[in-house]
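Here is what each chain is made of, one letter per residue.
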Amino acid sequence: MNNTENPPLLSLCLSGRNDNYGFNFKRRFVQAMNFLAWSARRAGVAEQLEVVFADWNSEIPLSRTLHLSAEAARMVRFIEIPPALAAGYNPPFSPFSQSIAFNAALRRAKGAYLGIMPGDILLTSHALRNLLGILSGEIPVSFNPAEAVISVPRKNIPFYAGEAHDFSSPERIESLLLAGDAWMLCDNTARSMMGSYGLFILERSVFFSLRGVDERIAGWGYNDVDLALRSSNRTSVVNTMGYGICAYDFEPSFHMLIQKEKRRTTFYPIHIGVAENPETWGLADLELPESRAEAGTDELSETPSKPPAFSWRDWILWLSHRISPAAVPFISSTAMLAARCASEFSPARIFLYGTMDRSIVSLLTLTAPFSELFLHESFDTEDSYERIWRDDNAFGPLHHVGPVHTFPSLEIVHPAPGDLIVIGNRIPSPEALWKNCSEESIVIVSAGAAKSFDPSFPEEFAFCRIRIRGNLLFRKPGGLTVSELKRCSAPMNGTICTRLLSPLVSKYHSRIRKLWNLFFRQPLVAFPHLCGVIRRVRK
């Protein structure tokens, strides 16, 4: 545990209150702090790190209403700003003054470097090892960390992820984040402005010379951009992605975006190099109580991502907006049935035999993003290879966050059974199929495969056999009723336009994309020369 005699290298400053902001803030905060402490220990940097949390305007202090892991409880200090004091600083549109809360934590942090981040950010052990290595000078870099705004970009975890199921342990959180890193979209876009980053760090004297973040920015807004611009005459923004350092944040749901918009702050002109706050910034002239959470475990509920007013089909349509409209011109009854089962039972392992039906993969990606996906697909002929390669290029690659494995053999028996098994256009033997099952498995045979394949299972599995829109469903009795399954598995035919264009786009997508890049990356005066080059190539 860090103390005054041995100050930490880095203090991470957070803010929040004991409310339902984001609809499950308390659960996500506990998850993030426990994971941070685990990552720090795994990276060997726990003694170099502290967390200072400004608990703003909580009727009951947050530290008294939750438990952290023993490691996290030692790492996190809570600075309490009670309602009687906070009321004088709150903006009229919110019970929370974000910038003053951040500054209250910054003024009381002990680290040589100070960082600000949201309360539910996830940092892996690899990111922490590299980050603290750069700050300590153990990892040589081409910039001086003490003269830079160190900006850690954040990648978005899908808001509909079933965290309570998928993020069941720190080990599983890290393995899933690393496995799905390439498929998560980065949130930040603007260069040198630091907007939408997950974490930003400055050397202590730089932070204090700027007097923290501008306390006039009371609500949701631009205090990260403001800080980067006000320090730009002394520092430059360094994006740490190239150094193997990024953070993971939870993509805001529709309801969370509404919450944020209600707390949007007023914009004030940004003056480069100016310390906007008074000398008492961060409530420096006040004695604020400090507390720690007790060590232990809590059962904290997770807010369902599906709004209660949404029907299943409406929900699928809304999620499908995350995919290009051309990606799924037709969503089959098999895909709808598999997605509904995945949504209900949160499978850890999914076996998919054949990828001819792209809509199965697409909907499983949306409804079970962290599941381990086992594709049984063959690349025996040039035609099969060209089809899969062409479809992935035309319709977008498999944006599945969890690990994906490909097996050419249909007869392979995996070490662990599948929770959900979907038989598409490739059919295994009945023996191989039931050896990959357990009594808790759900097996779906697509309408096409069901015409020639009706497997039998050992009696001890006690599966019931249901025919739904030509598909065969095998599972233990219980769960959704047959009528509900029939209602939610109705296919979606897409639009006439996408169905007519999809063969053309699929076949010629590679050439269209190359021509697009050639034409639209050239200056206008080079077009005649470019056309001549294309004519010569065609000859």
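Since the structure is predicted, the reported quantities are computational estimates derived from the model, not experimental observations. (Residues numbered from 1 in each chain as written. Predicted model: local features only at pLDDT ≥ 70, side-chain atom pairs only at ≥ 80, totals over all residues. Heavy atoms only, no water.)

### Things to note about the state of the cysteines
To keep things clear, this is the line we draw: Cysteine sulfurs are considered disulfide-paired once they come within 2.5 Å of each other. Each residue's exposure class comes from its accessible area (1.4 Å probe, protein chains only) as a fraction of the maximum for that residue type: buried when under 20%, exposed when over 50%, partly exposed otherwise.
Counted according to the given criterion, the structure contains zero disulfides. Between Cys 246, a free cysteine, and Cys 186, which holds the nearest cysteine sulfur, the sulfur-to-sulfur gap is 6.8 Å. With a relative accessible area of 7%, Cys 246 lands in the buried category.

### Let's talk about the pattern of salt bridges
A side chain with one charge may pair with a side chain of the opposite charge, provided their charged atoms come close. Selection criterion: Definition used for salt bridges: Asp or Glu carboxyl oxygen within 4 Å of a side-chain nitrogen of Lys or Arg. Helix and strand definitions follow DSSP, with helices as H or I runs of at least four residues and strands as E runs of at least two, each counted in order from the N terminus.
Within the structure shown, the criterion is met by 19 salt bridges. Between Asp 19 and Arg 17 there is a salt bridge, with its nearest N and O atoms 3.2 Å apart. Between Arg 230 and Asp 226 there is a salt bridge; the shortest N-O distance is 3.0 Å. Here Arg 230 and its partner Asp 226 are both found in helix H9 (residues 223–230), four residues apart, which amounts to about one turn of the helix. For the pair formed by Arg 230 and Asp 226, the shared burial category is buried. One network of salt bridges, in which partners are shared, links Arg 27, Arg 28 and Glu 163.

### Points about the sheet that holds strand E16 (residues 420–423)
The line we're drawing: DSSP-based pairing: two strands are paired if at least 2 bridges between them are found. Axis geometry follows a simple rule: fit a line to the C-alpha atoms, using only the stretch in contact for helices, then measure angles between N-to-C directions, giving values from 0 to 180 degrees. By definition in these notes, contact holds between two residues if any of their heavy atoms fall within 4.5 Å.
Spatially, the seven strands line up as an open sheet ordered E15-E14-E13-E16-E17-E19-E18, and their pairing is mixed. Strand pairing shows two members of the sheet lacking a second neighbour, strand E15 (404–407) and strand E18 (464–468), which therefore form its edges. If you compare each strand with its neighbour and ignore which way they point, the axes differ by 15° on average. Where strand E13 (residues 349–353) and strand E14 (residues 372–376) come together, five bridges link them in parallel fashion. Bridge assignment links Leu 352 to a residue of E14, and that residue is Leu 375. Against the sheet, helix H12 (residues 333–345) contacts E16, strand E17 (442–445), E18 and strand E19 (471–475), and its axis sits at roughly 170° relative to E17.

### Here's the deal with the side chain of Arg 154
The criterion, for reference: By the criterion applied in these results, polar contacts are pairs of N or O atoms within 3.5 Å in which, for protein atoms, one can donate a hydrogen and the other can accept it, and in which residues neighboring in sequence qualify only through two side-chain atoms.
Turning to its location among the elements, Arg 154 is positioned in strand E7 (residues 154–157). Within polar-contact distance, the side chain of Arg 154 engages the side chain of Asp 187 at 2.9 Å. Polar contacts involving the side chain of Arg 154 include one to the side chain of Asp 249, which spans 2.7 Å. Discounting chain neighbours no more than four positions away, the residues touching Arg 154 are Pro 118, Leu 185, Cys 186, Asp 187, Asn 188, Ser 196, Tyr 197, Gly 198, Ala 247 and Asp 249.

Geometric descriptors of this kind do not, in isolation, establish any biological role.
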